[in-house]
Amino acid sequence: MPTMTYDPDNIFAKILRGEIPATKVYEDDETLAFMDIMPRADGHLLVIPKTPCRNLLDASPDQLATVMQAVQKLSHAVMKAFGAEGVTIQQFNEAAGGQEVFHLHFHVLPRREGDRLRPPGQMGDMEVIAGHAEQIRAALA
Ligand code: 5GP
């Protein structure tokens, strides 16, 4: 059985501490949203709580409530920014559940009718991602 404690050196904890860069699109007291570097759709972003928890399994009711409010806000923003007709929310728990980064996060993926998600694990073009982030910020404004 793997240990299920929070590792403060996970990549998203480093992003929260400003130790590694991220293309941020939204931030409030409790949550942060930034672009996924391996986007499976144009506008693919991640929403995380600022406080530590591994995933859905150890999150507090407050963490879940605040992060879901941000997920809803960002879902509307990506749909507006990309003229999307829908949005897919993905969230994985523990390695067996598909989780790779062990700080709770929700994937927000704008979709149009017939859109297929790109395969996982393909690095995006950072200039293109920066442009998409700008579209999302404008939709939030
Ligand atoms: P998951 O844990 O949900 O399976 O996958 C983690 C997600 O984080 C993947 O979609 C991956 O592309 C993304 N990711 C991994 N490392 C980084 C990083 O350093 N910066 C950003 N912005 N995203 C990352």
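Residues numbered from 1 in each chain as written. Predicted model: local features only at pLDDT ≥ 70, side-chain atom pairs only at ≥ 80, totals over all residues. Heavy atoms only, no water.

Enquirer: Summarise the overall build of the protein; cite the residues concerned and give the values.
Expert: The number of helices and strands found in the protein is 3 helices and 5 strands. Listed N to C, the secondary structure of the protein is α-β-β-β-α-β-β-α in terms of helices and strands. Relative to the compact-globule value of 14 Å for 141 residues, the protein shows a C-alpha radius of gyration of 14 Å, a close match. Across its three principal directions, the C-alpha atoms of the protein cover 40 × 30 × 30 Å. By residue count, 42% of the 141 residues in the protein fall in the buried class. (Helix = DSSP H or I, 4+ residues; strand = E, 2+ residues; numbered from the N terminus. Rg over C-alpha atoms; globule rule 2.2 N^0.38 Å. Buried < 20%, exposed > 50% of the residue type's maximum accessible area, 1.4 Å probe, protein only.)

Enquirer: Tell me what's going on with the site of the ligand, and back it up with residues and numbers.
Expert: Around the ligand sit 16 residues, and of these Asp36, Gly98, Glu100, His105 and His107 come closest. Within the backbone of Val101, one N or O atom sits 3.0 Å away from an oxygen atom of the ligand. At a separation of 2.6 Å, an oxygen atom of the ligand approaches a polar side-chain atom of His107. Contact with the protein chains hides 88% of the accessible area of the ligand, taken as 520 Å² for the molecule alone. Put simply, the parts of the chain that give the shell around the ligand at least two residues each are helix H1 (11-16) and strand S2 (31-35). Examining the composition of the shell around the ligand, we find that 3 residues originate from one element, H1, more than from any other. In the shell around the ligand, the residues fall into 10 nonpolar, 4 polar and 2 charged. (Near = heavy atom within 4 Å. Polar contact = N/O pair within 3.5 Å; in protein donor to acceptor, adjacent residues only side chain to side chain. Areas by Shrake-Rupley, 256 points an atom, 1.4 Å probe, with all protein chains shown as cover. Nonpolar A, V, L, I, M, F, W, Y, C, P; charged D, E, K, R; others polar.)

Enquirer: Help me get a handle on the packing of aromatic side chains, residues and values and all.
Expert: Taken as a whole and judged by the stated rule, the model has 1 aromatic pair. Judged by centre distance (5.2 Å) and plane angle (75°), the ring pair of Phe12 and Phe34 falls under edge-to-face. Within this pair, whereas Phe12 is found in helix H1, its partner Phe34 is found in strand S2, the two being separated by 22 residues in sequence. Across this residue pair, the class does not change: Phe12 and Phe34 are buried. (Phe/Tyr/Trp six-rings, centres within 6.5 Å; stacked < 30°, edge-to-face > 60°.)

Enquirer: An account of the pairing of S2 is needed here, citing residue identities and associated values.
Expert: Counted residue by residue, S2 has 5 buried out of 5 residues, so it is predominantly covered. With burial as the criterion, each face of S2 is covered, one bearing Thr31, Ala33 and Met35 and the other bearing Leu32 and Phe34. Hairpin connection, strand S1 (residues 24-27) to S2: the antiparallel pair is bridged by 3 residues. Of the pairings in the sheet, the one linking S2 to strand S3 (residues 45-49) comprises 5 bridges and is antiparallel in character. Looking across to S3, one finds that Met35 is bridged to Leu45. (Pairing = 2+ DSSP bridges.)

Enquirer: Give a detailed account of helix H2 (residues 61-82), specifying residues and quantitative values.
Expert: Counted at 1.5 Å a residue, the expected span for H2 with its 22 residues is 32 Å, and the 31 Å between its end C-alpha atoms agrees. Buried within H2 we find Gln63, Val67, Ala70, Val71, Leu74, Ser75, Ala77, Val78, Ala81 and Phe82. Among the structural elements, S1, S2, S3, strand S4 (86-90), strand S5 (106-111) and helix H3 (126-140) are those in contact with the buried residues of H2. Just past H2, the residue Gly83 takes up positive phi, approximately 60°. (Expected span 1.5 Å × (residues − 1). Contact = heavy atoms within 4.5 Å.)

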